[in-house]
Amino acid sequence: MKLTSVLAGFALVGLVTVTDVPLRIINPQLGQASAQEMQMKGPTDIPIQKKIELITAHKGQLGGGDELRRYFFGDLLPVAVQPGGAGMVVLLYNKANDYTFAYCATYDVVVALRKGKVTKFEPSEVK
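Residues numbered from 1 in each chain as written. Predicted model: local features only at pLDDT ≥ 70, side-chain atom pairs only at ≥ 80, totals over all residues. Heavy atoms only, no water.

A word on the overall build of the protein chain
Within the protein chain, the secondary structure is distributed over five helices and four strands. Along the protein chain, from the amino end to the carboxyl end, the secondary structure elements read α-α-α-α-α-β-β-β-β. Considering the protein chain as a whole, with its 127 residues, one finds that 28% of them fall into the buried category. Put simply, 39% of the contacts in the protein chain that link residues at least 6 apart link residues at least 24 apart. Carbon and sulfur atoms make up 62% of the accessible area of the protein chain, which amounts to about 8800 Å² in all. (Helix = DSSP H or I, 4+ residues; strand = E, 2+ residues; numbered from the N terminus. Buried < 20%, exposed > 50% of the residue type's maximum accessible area, 1.4 Å probe, protein only. Contact = heavy atoms within 4.5 Å. Areas by Shrake-Rupley, 256 points an atom, 1.4 Å probe, with all protein chains shown as cover.)

Some words on the pattern of salt bridges
Within this structure, the stated rule accounts for three salt bridges. Taking the shortest distance from any N to any O, the salt bridge between R70 and D66 comes out at 3.3 Å. Of the two residues, R70 and D66 both sit in helix α5 (residues 64-71), four residues apart, roughly one turn of that helix. Classification of D66 by relative accessible area gives partly exposed; the value is 37%. One salt bridge in this structure joins R114 and E125, with 2.4 Å as the shortest N-O distance. Linking R114 in strand β4 (residues 109-115) with E125 in the segment after β4, this pair joins segments that are eleven residues apart in sequence. (Salt bridge = Lys/Arg side-chain N within 4 Å of Asp/Glu carboxyl O.)

Examining the confidence of the model for the protein chain
Residue-level pLDDT values for the protein chain average 79, and 66% of them are 70 or greater. For the protein chain, per-element mean pLDDT is lowest for helix α3 (residues 28-38), which scores 51, and highest for strand β3 (residues 99-104), which scores 95. (pLDDT = per-residue confidence, 0-100.)

Regarding helix α4 (residues 48-57)
Taken together, the buried positions of α4 are K51, I52 and I55. Across the axial projection of α4, the buried residues extend over an arc of 100°, all falling on one side. (Arc of directions from axis to C-beta.)

A look at the nonpolar core
Grouped together as the largest cluster of nonpolar side chains are twelve residues: I52, I55, L68, Y71, F72, L76, L92, Y99, F101, Y103, V110 and L113. Those elements that place two or more of their residues in this core are α4, α5, β3 and β4. With three residues, β3 is the largest single contributor of residues to this core. Those residues in contact with I55 that lie beyond four places of it in its chain are E67, L68, Y71, F72, F101, V110 and L113. (Core = buried A, V, L, I, M, F, W, Y, C linked by side-chain atoms within 4.5 Å.)

Section: the pairing of strand β2 (residues 87-94)
Bridge analysis of strand β1 (residues 76-84) against β2 gives eight bridges, and the strand direction is antiparallel. Its bridge partner being in β2, P83 is matched across the sheet by M88. The antiparallel pairing of β1 with β2 creates a hairpin that spans two residues between the two strands, and G85 there sits at a positive phi of about 60°. With five bridges connecting them, β2 and β3 associate as antiparallel partners. Among the inter-strand pairings, Y93 is bridged to a residue of β3, identified as T100. Between β2 and β3, which pair antiparallel and follow one another directly, the connecting turn spans four residues, one of which, D98, has a positive phi of 60°. (Pairing = 2+ DSSP bridges.)

If you want it as structure tokens, here you go:
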């Protein structure tokens with residue numbers, strides 16, 4: 001047996017196992033399903049209202065600030081600072097969806113949120 005025949009055989013087996021041609025022959029939807037699974041939904045694919053609901057549900061929990069930054073990356077503008085949380089709370093406004101978030105950086109939590117541009121929350125809301 002020649003070396004070229006052996007190498008050609010390995011190349012053919014490798015080509016068949018790397019591509020999804022065998023999957024498409026058996027069931028055309030199998031190849032499409034694997035491509036769809038590879039496209040994961042990111043934070044930008046979630047509707048705004050769902051993002052607000054998730055942040056509201058996780059309000060006061062550690063790591064809520066990370067969720068806020070992930071959903072509204074680059075869209076948050078500081079409006080004011082007020083006492084609350086573990087010292088001071090930063091009020092961040094999102095112009096795109098007209099919401100203000102009270103964020104405590106000490107514990108990385110969202111302590112309050114409200115529709116509209118708010119410059120001061122009630123002290124009971126941001127404690």
